[in-house]
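Structure assessment
In case you want the letters, here they are:
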Amino acid sequence: MRGLVTKSTGSWYQVLGDDGVSYDCRIKGKFRTKGIKTTNPIAVGDWVDFDLEESEQTGIITTLEPRKNYIIRRSVNLSKQTQILGANLDQAVLLVTLASPPTSLGFIDRFLVTAEAYGIPAVLVFNKLDLFSDEGKEILKEYKAIYENIGYACYEVSALEGTHVDTLEHILKDKVTLLSGHSGAGKSTLINRIVPGTQLRTGQISDWSDKGKHTTTFAEMIELPFGGKLIDTPGIRELGIVDIEKGELSHFFPEMRLYLNKCKFNNCRHINEPGCVVLEAVEQGTIEESRYDSYLSMYNNEDNRN
């Protein structure tokens, strides 16, 4: 039988068969995807073939169909461990919070670069509008300007109060969307708003660390009532870049791509070379300084934990 993987719990996968029935499936023996070493060879969003076991309630996954795309992350603490967050995506949405917990510009940039590298359109949604002071609203305006100026769509919502949540529906409609963000950013609250009756568990922010507690333990695909599918992922506290060559890194910054092959040297790293048009653009303010700082951080493989 053929089916769509809708939930991953580590050793078991929930697969929605072509017959409309969900089956609990596992992998028999060693199952590795070609050229990708990850903690999860099968991911939510994958299409697979499976054989039913004698009970006809459970199945064995035998084949993974070729993926249209996927998005992957590396754990900063366990640098050799990588994890596929979702497969066969139309877009990726990052839920951003300026406080409780704060999402750094560096974290946003790592997410966007990862999405660019895997050919997945990305959208930023700023949550917890209800908590913003006047100063917070000014910072929000600055953040949005940085990313809208380089072509990323930005939205602002309060999942808790339902403010502007309806504007997200046309973005999500009829698409397979990966929803990501820090633990405590409000993913579960947002999904409970968009899909009434879901009743996902929501968590409090830890006072001592200002970081959220994980309430989503495993990735899960949720059917949207207005059409489309949302892949809810466990909260990410750090995001490591995977499989991006240093020489190609600037290709995944849209504002740097504009200057491709215009530097004096063909192998320009955009760090301290004479005749570098990217450095000139940073000095002139055409390229945002925070974005360039993120480029240097990624180039030098520096950890980003915020």
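Cut-offs applied
Along each chain, residue indices are assigned from 1 in the same order as the chain's sequence is written. In keeping with the model being predicted, local features are shown solely for residues with a pLDDT of at least 70 and side-chain atom pairs are shown and tallied solely at 80 or more, while totals for entire chains, interfaces and linings include all residues. Hydrogens and water are ignored here; the side-chain numbers use all heavy atoms of the structure. Two joining distances apply to patches: 9 Å for like charges and 5 Å for nonpolar side chains (Val, Leu, Ile, Met, Phe, Trp, Tyr), and every residue must have over 30% relative accessible area and no salt bridge. Note on areas: these come from Shrake-Rupley sampling with a 1.4 Å probe, and a residue is covered only by the protein chains present in the view. Salt bridge, as used here, is a side-chain nitrogen of Lys or Arg placed within 4 Å of a carboxyl oxygen of Asp or Glu. When charges are counted, neither His nor the chain ends are considered; positive counts come from Lys and Arg and negative counts from Asp and Glu. A charge is said to be at NZ when it belongs to Lys, at CZ for Arg, at CG for Asp and at CD for Glu. Under the DSSP-based scheme used, a helix requires at least four consecutive residues in state H or I and a strand at least two consecutive residues in state E, with every element numbered from the N terminus. Between buried and exposed lies partly exposed: a residue is buried under 20% and exposed over 50% of the maximum accessible area for its type, with that area taken using a 1.4 Å probe on protein chains only. A pair of strands is treated as paired once DSSP finds two or more bridges between them. Assignment of crossover handedness uses the view with strands pointing away from the viewer, where a clockwise path from the first strand over the helix to the second indicates a right-handed crossover. Here, two residues are considered to be in contact whenever any of their heavy atoms come within 4.5 Å of each other. To qualify as a nonpolar core, a set must consist of buried Ala, Val, Leu, Ile, Met, Phe, Trp, Tyr and Cys residues joined through side-chain atoms within 4.5 Å. Domain delimitation follows an automatic or database domain assignment. Points on a 1 Å grid over protein atoms alone make up a cavity when a 1.4 Å probe fits among them but cannot get out, and a pocket when they form an open set with protein on both sides within 12 Å along at least five of seven lines; lining residues each have an atom within 4 Å of a point. Grid points are joined across faces, edges and corners, and a volume is the space filled by probe spheres set on the points. Gly is put with the polar residues, along with every residue not named as nonpolar or charged; the nonpolar set is Ala, Val, Leu, Ile, Met, Phe, Trp, Tyr, Cys and Pro, and the charged set is Asp, Glu, Lys and Arg. Only C-alpha atoms enter the line fits that serve as axes; for helices the fit covers just the stretch in contact. Angles between N-to-C directions range over 0 to 180 degrees. Roughly parallel means an angle under 35 degrees; roughly antiparallel, over 145; roughly perpendicular, 65 to 115; everything else is oblique. Throughout, a crossing is termed right-handed when the near helix is turned clockwise from the far one, and left-handed when it is turned anticlockwise from it by less than a right angle. Two N or O atoms form a polar contact when they lie within 3.5 Å of each other; inside protein one atom must be a possible hydrogen donor and the other a possible acceptor, and for residues adjacent in sequence the pair counts only when both atoms belong to side chains. Each residue carries a pLDDT value, the predictor's own confidence for that position, ranging from 0 to 100.

1. Remarks on a negative patch on the surface
On the surface, E142, E288, E289 and D293 cluster together into a negatively charged patch. Among the structural elements, D293 can be located in helix α7 (residues 289–299). The class for D293 is partly exposed, based on a relative accessible area of 42%.

2. Description of the pairing of strand β10 (residues 153–156)
Here strand β9 (residues 122–126) runs beside β10; their pairing, made up of four bridges, is parallel. When the sheet's bridge partners are listed, V123 is paired in β10 with A153. Handedness of the crossover joining β9 and β10 through helix α2 (residues 134–148) is recorded here as right-handed.

3. Quick look at the environment of L52
Tracing the backbone through its elements, the reader meets L52 in strand β4 (residues 47–52). For L52, a relative accessible area of 33% corresponds to the partly exposed category. Linking L52 and Y23, residues 29 residues apart in sequence, is a C-alpha distance of 8.7 Å. Every residue in contact with L52, bar those within four places of it in the chain, is listed here: M1, Y23, T58 and G59.

4. Section: the environment of K187
Along the polypeptide, K187 turns up in helix α4 (residues 187–194). In sequence terms K187 and D232 are 45 residues apart; their C-alpha atoms lie 7.6 Å from each other. Setting aside anything within four residues of it in sequence, one finds K187 in contact with L95, L179, S180, G181, H182, D232, T233, P234 and G235.

5. Concerning the nonpolar core
Within the largest apolar cluster, 42 residues are counted, with the highest numbers of intra-cluster contacts made by I108, L112, L124, F126 and Y147. For this core, the element with the most residues is helix α1 (residues 105–117), which contributes six residues. Counting only domains with at least three residues in this core, you end up with domain 1 (2–64) and domain 2 (70–232). Filtering out sequence-adjacent residues up to four positions away, Y147 remains in contact with L105, I108, D109, L112, L124, Y152, C154 and R291. Core analysis: the second largest hydrophobic core is formed by 21 residues, I241, I244, M256 and C263 among them.

6. Remarks on empty space enclosed by the protein
By the definition in use, this model includes two cavities of 30 Å³ or more. Surrounding the largest cavity, V93, V123, V125, L168, I171, L172, L179, L190, I194 and L230 form its lining. Only β9, α3 (165–172) and α4 provide two or more residues apiece to the lining of the largest cavity. Looking at the lining of the largest cavity, its residues break down into 10 nonpolar, no polar and no charged.

7. Here's the deal with the packing of α1 against α2
Across the interface, α1 lies against α2 with an axial gap of 13 Å and an inter-helix angle of 25°. On the basis of the axis angle, α1 is roughly parallel to α2. Crossing handedness for the pair α1 and α2: right-handed. In contact with L105, I108, D109 and L112 of α1, α2 contributes Y143, I146 and Y147. Here the contact of α1 with α2 is built from residues that sort into six nonpolar, no polar and one charged.

8. Quick word on the side chain of T58
With respect to the secondary-structure elements, T58 resides in strand β5 (residues 58–64). Polar contacts involving the side chain of T58 include one to the side chain of E53, which spans 2.7 Å.

9. Details of the confidence of the model for the chain
Per-residue confidence for the chain gives a mean pLDDT of 87, with 86% of residues at or over 70. Across the chain, the element-wise mean pLDDT spans from 85 in strand β6 (residues 70–74) up to 98 in β9. In the model, residues 202–216 has pLDDT below 50 throughout and makes 40 contacts with residues more than four positions away in sequence or in other chains.

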